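# Results of the structural survey
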Amino acid sequence: MKNSTVSFLLNNDVVTLDNLDPNLTVLQYLREIQFKTGSKEGCASGDCGACTVVVADLERNNPNRLHYKSINACITFVGNLHAKQLITVEHLKEGAKLHHAQQTIVDNHGSQCGFCTPGFVMSSFALHKHNKAPTRAQVLEALAGNLCRCTGYRSIIEAAITSSEHIEEDASALHYQKTVAELTTLKKLSSPILSGNGHKYVAPKNINELAYELVSEPKSTLVAGGTDLALSVTQNLATINQLVYVGNVEELTTIEETATEIIIGSATSYSQFIETLHHYYPDLGEMIERIGSKQIRNTGTLGGNIGNASPIGDMPPALIALGASITLHLNGVERTILVEDYFVDYKQTVLQASEFIKSVQIPKPSNGQTLKIYKISKRIDDDISAVLAAFFIEINNEPQEALKVANIRMAFGGMAGIPKRAKATENIIIGKVLTKEVVEQAKTALISDFQPMSDVRASDKYRMTVAQNLIEKCYLELKFAQESNVIETRVVNYA
Amino acid sequence: MRSLIDIKKLNVKAANTNSQQSLENEKNTIGLGGVGRSKKHESADKQVAGEAIYVDDRSPLRGELYAAVGQSEHAHANIVAMDLSKVKTAEGVLAVITVEDVPGHTDIGPVFPGDPVLALGKVEYIGQPIFAVAASSYELARKAVKLAKIEYEELEAVLTIKDALAKQNFVRPPFTMKRGDSEKAIEGAEHQLSGSIVVGGQEHMYLEGQVSTAEPTEDGGMNIFTSSQHPSEVQKLVAEVLDIPLNKVLVDMRRMGGGFGGKETQAAPWACIAALLANITKRPVKFKLSRVDDMVMTGKRHPFENNYTVGFDSDGVIKGIKIEVNSNCGYSPDLSDAITDRAMFHSDNAYYLDQATVTGNRCKLNTVSHTAFRGFGGPQGMMTIEMVMDDIARHIGKDPLEIRMLNLYGKEDRNVTHYHQKVEHNNLAELIETLAESSDYQARRQTITEFNKSNAILKKGIALTPVKFGISFTVQHLNQAGALVHIYTDGTIHLNHGGTEMGQGLNTKIAQVVAEVFQVDVDTVAISSARTDKVPNTSPTAASSGTDLNGKAAQAAAKTIKQRLIDFACEKYQVRADQVKFENSHIIVGDQTFSFAEFSQIAYMGRVSLSSTGFYKTPKIHFDRAKGKGRPFFYFATGAAVSEVIIDTLTGEYKTLRTDILQDVGHSINPAIDIGQIEGAFIQGMGWLTTEELIWNEKGRLLSNNPATYKIPAINDAPADFRVALVTDAPNREHTIYNSKAVGEPPFMLGMSVWSALKDAISSISDYKQSPVLDTPATPERVLWAVESMKAASK
Ligand SMILES: Cc1cc2nc3c(=O)[nH]c(=O)nc-3n(C[C@@H](O)[C@@H](O)[C@H](O)COP(=O)(O)OP(=O)(O)OC[C@H]3O[C@@H](n4cnc5c(N)ncnc54)[C@H](O)[C@@H]3O)c2cc1C
Ligand code: FES
Ligand code: FES
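An unreviewed UniProt entry lists chain B under the name Xanthine dehydrogenase molybdopterin binding subunit, with Thalassotalea profundi as the source organism. UniProt annotates chain B under Sequence similarities (unreviewed entry) with the comment "Belongs to the xanthine dehydrogenase family."

Chain A appears in an unreviewed UniProt entry as Xanthine dehydrogenase from Thalassotalea profundi.

What follows is the structure, encoded as structure tokens:
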């Protein structure tokens, strides 16, 4: 099959990339090649949102509809745009008339230096595409990945919260059908390749193509959202020779449920699977809402979060506590192991050359099981965890035996070189009725489980103390719940 | 509430999380002129559309090159050998320069020498620029500088304030301000307390990083497009490094994507390096710092370590105090002398210290040179006395607000500062009283105490802290400004002034001032870049003085033209001056009415000059530094905030639940812009004291060198309930521009209310008997340690 090159809609125009280094980010492409300088670079690392653009794609389950999402242009490789529509801030105004997402910021005095403003406009634009009358909480969730150093945010919140229900359709809405048709055509093209400067980007469409690609080029680098990988290019000035994009692979982008399991394709983004997981495990849903920002969750994937083997990734401890398994694929051969067994040592995993993560299987909860997750970071939103604690507890149901722990799996991030279980601590707790004394013993046992490090996020002592205290907090929460005591225990949710 | 002075309530105008009605209402009420109206920011429409052009957005100039610098790997070392051969042959590289290639001055210290443009045989911090390259792309330039081989001979580095104090390693000599005999007063007082606090620094994190483009001109000069708060200084330093006269350098500054003090002196080095490379290659050169380089190579708010000893009576009234502030200046003086002075000037904040001795040490450390940042040392100075207020309150078992009220400056007496300036027109007691009532302080205090009794894990705290901030540059000669106003024959107006637009709305306000003079629509007043060839010899846009200084200068220019128009009208139409009126975009001359445009044309035909400069210098100010006496400040800006927080005693996590602010901005030129300044300043101040943590390792390397590790407030950190109000009907009693008051810096320090509220929550663990020590930034980690020590202390 002949491969095509990367093609997408830049606003309303079809563009085809040719002879372009695939290490280029969307932001570099916009600013340096298209001379569209409305999207700003504030960090080139996904942390500030000044580069926010919107990507429209055909909805998976309803390919006649478009799904709009905000992303960080600074850490998205251009190839990832294939068969999508890229909408930039320059595109919103119609003639002299500002778009609702723009006019409301003007009306509310929401721009000062204005450098963050295009990013906020685009985040608000994406939000209103699917939610014309957002609540304050929804606005905060959508804009938490956009930093503003000038305004103090109130004016921007008020702007974004202004309903767009009675606003006429904007340009993108008027071109809706045409956009759908054009994207449909682009999607039908064969798997795209982009090469330039001696570097190559391929985007296989199914698992066989992907497996083949990796076997024939074992030195390829897998890229999903790129929210982790692109930093090596923009921050460490690395150059990647061959990028293999997994986001178009049919079999990697599904979410399925069986009677006992939720099966998540490795290339699905947080935004895609958050709802399902929130349904079964509310604490997990809330934690995912605190992973990165809306932009990061729109592009970052589960496979990438596990694949980067970071000791501070937030999903692995949760998955380990839940006893989730992971399916790996190498040239047509699949194996399934516990997530727990995937991590070997700091940044070392069992993944072999040419192998990739296909999916993650998460057991559904049964009676008496509770998942408690605590993410501790300096800032509540868009911050990497100092400590992440995930406790999966099975409590015996008989009331007289309340708080008797039949089983518990406790996994921590940030406490060791890999996400890891606290087995000594688990052993103290399993089979016992939770009491203050048991909690104290568990806290002591935790010292034998971990020797955490000091770094820029927290000291070793803080990590250990907090991890110990979280056991106590978990106990108190279970106890309050059992006593039907409604006492707030977390500041994160406190309103 | 008891106070030593009489209290009346003040009128207020509010914006809060739930409404903006008050702003809406007044949008259309006041006349066309412009002053007092909430005009939108002059660039707002362009900013939201992505059309506002920042330096990096300018179209590339023909042959434009990109700069990068090689940086020091050691905090203190001699450079023994340097091999740049690989750099020179790297892909895309066109030029490599070291300090040897600098034709003129090699030192670009803004006030005192000490800042080599490129290292001179020795490096004094990690990240110090050693050599520079120009390459064909931004990426290639950055890659090339990594190829240098530099050999160092390491020298002992000073990396803590304690070490610097022990070694008396100072960038400038220590200085003391003194009033009366503090020693004796402390000894004679009923109670004594002492304490110390570590106050962290702060990264500016302007969203637009440092950037400059240098373009060689046909006569050996240089055009500079820069993001700088101080174009005139950029002009001077570029001329000096190139060894050319100032009139050959033109600096153009349209707008900054944020400055906050970080682009006052520290925008210049990058412009100088771009100019040096442009001079050698004879091609335009852009130098844009990547975020990490910006964080590593530019100075921050000075970290401080302060201590105090205080004596007070049984009511909690201060009788005498000794305060020592020790600033970490980094490796060079930069602006540190004036910054440490301002910390000393503000060691009283709003309180009468009676017998006081305030000493300031300017410590030299082997880190980047710390610099101006909103508040300019004032915030770090105020932290000590606010700590004292909380400590006294817990010591004698009173609400900290009561202690704050008791110690406020008086009106008729108790009104002289430790630098012997009389505090005049002081309205803080009324302001605090008004705020305490509108925010329901007392009732909420009760509710919070109840909440804390019934909640084992979460605790709440509340605090009200005031701010009194001195307005004027303490370096007298900087208190001057110029402006240039033209009227064209179609009646449109063009305005230039010496200030720079960094988002604060300065251009909008000054346009409103000019519109007010002529009584025309603000939209007919256009403002372009600040340019050194239009308004020369300007001061930095800093010290909250932008509107005060440049507004007056622009007003003077406009008034000059207006007078010419009046004189011309009198002569031409044979009327008296009082028969000439400027109203509603018209000029009424006797019984004839002309549109402003018509009359401009008539005046032009009548050969009237429709262009004028204007100039202003601040009156009344003087300070004798040798004696530590004088009136460094024209007036004081005041305000107060009440914040309520909730903390988790098991993790140290916290959240600000509600903040109420009341700020006196005098007669506001633009209430919406002023409220925006207050909100932004407050959040920035809160960030400084909470999550924004700078961490250097034991080698002097900055670890928190990107926004992934350095956390400024995000949208959820703004209090869910955020109410900001302005004091109305309170014109500045000094003759400032339309009797407004400066607003840029003062509300920054209101962030202290969050810090004090955190301490209040922690103190609840001891049943409010102990005052926790809470160094800043009060990260969750520090809060947890304070909680633990409070638990231990109350066992
Ligand atoms: C601003 C910001 C905030 C963040 N906040 C958080 C946070 O709060 N919590 C958190 O946990 N993380 C956070 N991250 C990290 C974030 O990048 C990951 O969580 C994300 O899930 C990575 O997914 P991705 O698809 O973008 O990975 P990519 O960058 O595409 O890939 C990451 C790595 O995984 C490999 N990989 C990708 N897919 C596969 C596969 N199918 N099989 C094998 N290997 C694969 C890649 O080769 C690469 O080495 C943040 C990142 C940023 C930039
Ligand atoms: S530039 Fe900061 S997130 Fe992209
Ligand atoms: S307006 Fe300046 S950063 Fe938001």
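### A short note on the overall build of chain A
When helices and strands are counted, chain A shows 17 helices and 20 strands. Expressed along its principal axes, the backbone C-alpha trace of chain A runs to roughly 70 × 55 × 40 Å. Counting across all 495 residues of chain A, residues that qualify as buried make up 56%. Partitioning the contacts of chain A with sequence separation of at least 6, the portion at a separation of at least 24 is 67%.

### Here's the deal with the nonpolar core
Membership of the largest hydrophobic core comes to 362 residues, with the highest contact counts inside it found for Ala67, Val133, Val238, Ala275, Leu277 and Leu758 of chain B. Core analysis: the next-biggest nonpolar cluster, separate from the first, contains 40 residues, Ala557, Ile587, Phe596 and Ile737 of chain B among them.

### Structural notes on the environment of phenylalanine 518 of chain B
All names here are of chain B. The topology assignment puts phenylalanine 518 in helix α15 (residues 506-518). A tally of 26 C-beta atoms within 10 Å means that phenylalanine 518 is categorised as buried. Sequence spacing of phenylalanine 518 and valine 475 is 43 residues, and the spatial spacing of their C-alpha atoms is 34 Å. Once residues lying within four places of it in the same chain are set aside, the contact partners of phenylalanine 518 are Ala558, Lys562, Phe582 and Phe596.

### Focus on the interface of chain B and chain A
Residue-level contacts link 72 residues of chain B with 69 residues of chain A. Elements that contribute at least two residues to the side of chain B that touches chain A include exactly α2 (44-49), α4 (138-144), α9 (291-297), β28 (635-648), β29 (654-664), α18 (671-689) and α20 (780-793) of chain B. Considering every element that reaches the side of chain B that touches chain A, the biggest residue donor is α18 of chain B, with eight residues. Partitioned by chemical class, the residues of the side of chain B that touches chain A number 33 nonpolar, 23 polar and 16 charged.

### Focus on the domain arrangement of chain B
Residue and element names in this part refer to chain B. Segmenting chain B into domains produces domain 1 (31-54 + 480-617), domain 2 (61-156 + 204-297) and domain 3 (300-474 + 624-793). Relative placement of domain 1 and domain 3: their C-alpha centres are 38 Å apart. Contributing elements (two or more residues each) for the side of domain 1 that touches domain 3: α15 and α16 (546-573). For the side of domain 1 that touches domain 3, the leading source of residues is α16, giving six residues. Tallied by class, the residues present in the side of domain 1 that touches domain 3 amount to four nonpolar, 14 polar and five charged.

### Regarding the pairing of strand β24 (residues 592-595) of chain B
Residues and elements named next belong to chain B. In the sheet, strand β23 (residues 586-589) pairs with β24 via four bridges, with the strands oriented antiparallel. Bridging across to β24, isoleucine 587 finds its partner in phenylalanine 594. The hairpin turn running from β23 into β24, its antiparallel successor, is two residues long, and glycine 590 in that turn takes a positive phi close to 60°.

### Concerning unusual backbone geometry
Residues and elements named next belong to chain B. With an omega of 0°, the peptide bond running from threonine 776 to proline 777 counts as cis. Here proline 777 is to be found in the loop between α19 (752-763) and α20. Although it is not a glycine, aspartate 243 adopts a positive phi angle of roughly 60°. With respect to the secondary-structure elements, aspartate 243 resides in the loop between α7 (231-242) and β12 (249-253). Backbone geometry at aspartate 334 places phi at a positive 40°, although glycine is not the residue there. Within the secondary structure, aspartate 334 sits in the loop between β15 (318-328) and α10 (336-345).

### A short note on the sheet that holds strand β7 (residues 149-154) of chain B
Residue and element names in this part refer to chain B. One open sheet accounts for three strands, arranged β5-β3-β7; its pairing is antiparallel. Here the strands that pair on one side only, and so sit at the sheet edges, are β5 (122-123) and β7. The pairing of strand β3 (residues 77-83) with β5 spans two bridges and is antiparallel. By the bridge assignment for β5, asparagine 78 is matched with lysine 122.

### Overview of the domain arrangement of chain A
Here chain A is described as being made up of domain 1 (7-90 + 174-245), domain 2 (93-169), domain 3 (250-363) and domain 4 (370-482). The gap between the C-alpha centroids of domain 1 of chain A and domain 4 of chain A is 40 Å.

### Considering the site of ligand 1
Residue and element names in this part refer to chain A. Taken together, 31 residues sit near ligand 1, with Ala224, Gly225, Gly303, Gly304 and Gly307 positioned nearest. When residues in the shell around ligand 1 are grouped by element, the largest group, four residues, is from helix α13 (residues 302-307). Of the residues in the shell around ligand 1, the class split is eleven nonpolar, 16 polar and four charged. Counting only domains with at least three residues in the shell around ligand 1, you end up with domain 1 (7-90 + 174-245) and domain 3 (250-363).

### Points about the sheet that holds strand β19 (residues 493-497) of chain B
Strands pair in a sheet through their backbones, by hydrogen bonds, and they do so in one of two ways: parallel or antiparallel. All names here are of chain B. Across the sheet, which stays open at both edges, the four strands sit in the order β20-β19-β18-β25 with mixed pairing between neighbours. With partners counted over all chains shown, the strands left at the sheet margins are β20 (525-527) and β25 (611-617), one partner each. Across the sheet, the mean angle separating the axes of adjacent strands is 25° when strand polarity is ignored. The pairing of strand β18 (residues 480-487) with β19 spans five bridges and is antiparallel. Bridge pairing in β19 links alanine 483 to histidine 497. On top of the sheet, α16 reaches β18, β19 and β25; it is set at about 140° to β25, its chief contact.

### So, the UniProt feature "domain: FAD-binding PCMH-type" (unreviewed entry) in chain A
Per the UniProt record, the feature "domain: FAD-binding PCMH-type" (unreviewed entry) sits at residues 194-367 of chain A. Taken end to end, residues 194-367 of chain A is 32% helix and 27% strand, and its two terminal C-alpha atoms sit 51 Å from one another.

### Observations regarding the confidence of the model for chain B
Low-pLDDT stretches of the model should not have their predicted coordinates read in fine detail. All names here are of chain B. For chain B, per-residue confidence averages 95 on the pLDDT scale, and 96% of positions sit at 70 or higher. Predicted confidence for residues 1-5 stays below pLDDT 50, and this span has 17 contacts to residues more than four positions away or in other chains. In the predicted assembly, ipTM is 0.97 and pTM is 0.97.

### Thoughts on the packing of α18 of chain B against α19 of chain B
Residue and element names in this part refer to chain B. The interhelical angle for the contact between α18 and α19, taken along N-to-C directions, is 45°, at an axis separation of 7 Å. Relative to α19, α18 is oriented oblique. Across from Gly685, Met686 and Leu689 in α18, the residues of α19 making contact are Met752, Val754 and Trp755. Among the residues forming the contact of α18 with α19, the class breakdown is five nonpolar, one polar and no charged.

### Comments concerning the UniProt feature "domain: Aldehyde oxidase/xanthine dehydrogenase a/b hammerhead" (unreviewed entry) in chain B
Using the residue numbers shown here, the UniProt feature "domain: Aldehyde oxidase/xanthine dehydrogenase a/b hammerhead" (unreviewed entry) corresponds to residues 49-156 of chain B. Note that residues 49-156 of chain B is 11% helix and 31% strand, and that its end C-alpha atoms are spaced 52 Å apart.

### Focus: the packing of helix α2 (residues 100-107) of chain A against helix α3 (residues 117-130) of chain A
Residues and elements named next belong to chain A. Close contact between α2 and α3 brings their axes to 8 Å; oriented N to C, the two are set at 125°. Regarding the angle of α2 to α3, the classification is oblique. Judged by the sense of rotation from one axis to the other, the crossing of α2 with α3 is right-handed. Along the contact surface, α2 presents His100, Ala101, Gln102 and Ile105, while α3 presents Thr117, Phe120, Val121, Ser124, Phe125 and His128. Tallied by class, residues from the contact of α2 with α3 come to five nonpolar, five polar and no charged.

### Description of the environment of isoleucine 395 of chain A
Residue and element names in this part refer to chain A. In this structure, isoleucine 395 sits in strand β18 (residues 387-395). What makes isoleucine 395 buried here is the crowd of 21 C-beta atoms within 10 Å. When sequence neighbours within four positions are dropped, the list of residues in contact with isoleucine 395 reads Gly368, Leu403, Lys404, Val405 and Ala406.

### Brief notes about α18 of chain B
Taking 1.5 Å as the rise per residue, α18 of chain B with 19 residues should run 27 Å; its terminal C-alpha atoms sit 27 Å apart, in good agreement. For α18 of chain B, a buried count of 19 out of 19 residues is recorded, marking the element as mostly surrounded by other parts of the structure.

Scoring rules and cut-offs
Residues numbered from 1 in each chain as written. Chains lettered and ligands numbered in written order. Predicted model: local features only at pLDDT ≥ 70, side-chain atom pairs only at ≥ 80, totals over all residues. UniProt positions renumbered as here; feature names shortened; annotations may be inferred. Helix = DSSP H or I, 4+ residues; strand = E, 2+ residues; numbered from the N terminus. Buried ≥ 20, exposed ≤ 12 C-beta atoms within 10 Å, placed from the backbone. Contact = placed C-beta atoms within 7 Å. Core = buried A, V, L, I, M, F, W, Y, C linked by C-beta atoms within 7 Å. Nonpolar A, V, L, I, M, F, W, Y, C, P; charged D, E, K, R; others polar. Domains from an automatic or database assignment. Pairing = 2+ DSSP bridges. Near = placed C-beta within 6 Å. Axes fitted to C-alpha atoms, helices over the stretch in contact; angles between N-to-C directions. pLDDT = per-residue confidence, 0-100. Parallel < 35°, antiparallel > 145°, perpendicular 65-115°, else oblique. Left-handed = near helix turned anticlockwise from the far one by under 90°. Expected span 1.5 Å × (residues − 1).

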